[in-house]
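Topology and contacts: notes
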Amino acid sequence: MDLNKFKIERTEINDLEKIVSLTSSNEANPWSKNMILEELRNPYSHCFSFKNGSELNNNVVGFICFRVIGDESELLNICVHPEYRNSGVGKRLMEFYINFCKSNNIRRLHLEVNVSNQSAIHLYKSLSFKPIRIINKFYQGKFDAIHMVKEF
């Protein structure tokens, strides 16, 4: 797959149904339509979609949402369509996030990841995120998370 045929652009309200469908594939952290709408309206939040670059097939295959407050940011959600996982989409979204933060003088990035999501943990570590602590029952009151941080 040629990732250069894809584009990352600000999530628009007309992408909402595609994003709801996409985030529902994440069993540990599905987002509702209202949750996505809240983030789209939140002045501290930034939501971006990874789309097929074709005008005819403007499918959303990835989504990333984060908040920026002062010189810190928290990754709220990143998800990739199941058919596109392990293809570099998640890494491309994370690199976009890191570059966005660097260019906006953000000094510290935070995220939580399900302890069982080894592919995501590997990705985050490869991008210099460091595990800080375990948060018990973070997702849906059932699943533990690792809090990770990257500093510039």
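Residues numbered from 1 in each chain as written. Predicted model: local features only at pLDDT ≥ 70, side-chain atom pairs only at ≥ 80, totals over all residues. Heavy atoms only, no water.

Summarising burial for strand E2 (residues 45-52): eight of the eight residues are buried, a large majority. Pairing analysis gives five bridges linking strand E1 (residues 6-10) to E2, with the strands arranged antiparallel. Paired with Phe 6 across the two strands is Asn 52, which belongs to E2. In terms of strand pairing, E2 meets strand E3 (residues 60-69) through seven bridges, oriented antiparallel. The residue bridging His 46 from the neighbouring strand is Phe 66, located in E3. (Buried < 20%, exposed > 50% of the residue type's maximum accessible area, 1.4 Å probe, protein only. Helix = DSSP H or I, 4+ residues; strand = E, 2+ residues; numbered from the N terminus. Pairing = 2+ DSSP bridges.)

Taken together, the seven strands give an open sheet; going across it, the order is E1-E2-E3-E4-E5-E7-E6, and neighbouring strands pair in mixed fashion. The two strands at the open ends of the sheet, each matched to only one other strand, are E1 and strand E6 (130-139). Mean inter-strand twist for the sheet, computed between neighbouring axes without regard to direction, equals 25°. On the sheet, helix H4 (residues 118-126) packs against strand E4 (72-80), strand E5 (108-114), E6 and strand E7 (143-151) and is oriented at approximately 160° with respect to E5. (Axes fitted to C-alpha atoms, helices over the stretch in contact; angles between N-to-C directions. Contact = heavy atoms within 4.5 Å.)

Ile 64, Leu 75, Met 94, Tyr 97, Tyr 124 and Phe 129 are the most contacted members of the largest nonpolar core, which has 30 residues in total. Broken down by secondary-structure element, the contributors of at least two residues to this core are E2, E3, E4, helix H3 (89-103), E5, H4 and E7. If one sorts the elements of this core by residue count, H3 sits on top with seven residues. When neighbours within four sequence positions are excluded, Leu 75 is seen to be in contact with Ile 64, Cys 65, Phe 66, Met 94, Tyr 97, His 110, Leu 111 and Tyr 124. (Core = buried A, V, L, I, M, F, W, Y, C linked by side-chain atoms within 4.5 Å.)

Enumeration according to the criterion identifies seven salt bridges in this entry. Across the pair Lys 7 and Glu 9 runs a salt bridge, and its minimum N-O distance is 3.9 Å. The network of salt bridges with shared partners includes Lys 7, Glu 9, Asp 15 and Lys 51. (Salt bridge = Lys/Arg side-chain N within 4 Å of Asp/Glu carboxyl O.)

The predicted model of the protein averages 91 in pLDDT, with 93% of residues at 70 or higher. Averaged pLDDT values for the elements of the protein fall to 89 in helix H1 (residues 16-23) and rise to 97 in H3. (pLDDT = per-residue confidence, 0-100.)

Among the 10 residues that make up E3, eight are buried, leaving the element largely enclosed by the rest of the structure. Judged from the eight bridges that link them, E3 and E4 form a sheet pairing that is antiparallel. Bridge pairing in E4 places Arg 67 opposite Glu 74.

Before going further, it helps to examine H4. When H4 is considered as a whole, its buried residues turn out to be Ala 120, Ile 121, Leu 123 and Tyr 124. Take H4 and look down its axis: the buried residues cluster within an arc of 160°, on one side only. In H4, the exposed residues that point more than 90 degrees away from the buried face are Gln 118 and His 122. Packing partners of the buried residues in H4 comprise E4, H3, E5 and E7. Just beyond H4, the residue with positive phi is Ser 128, at close to 70°. (Arc of directions from axis to C-beta.)

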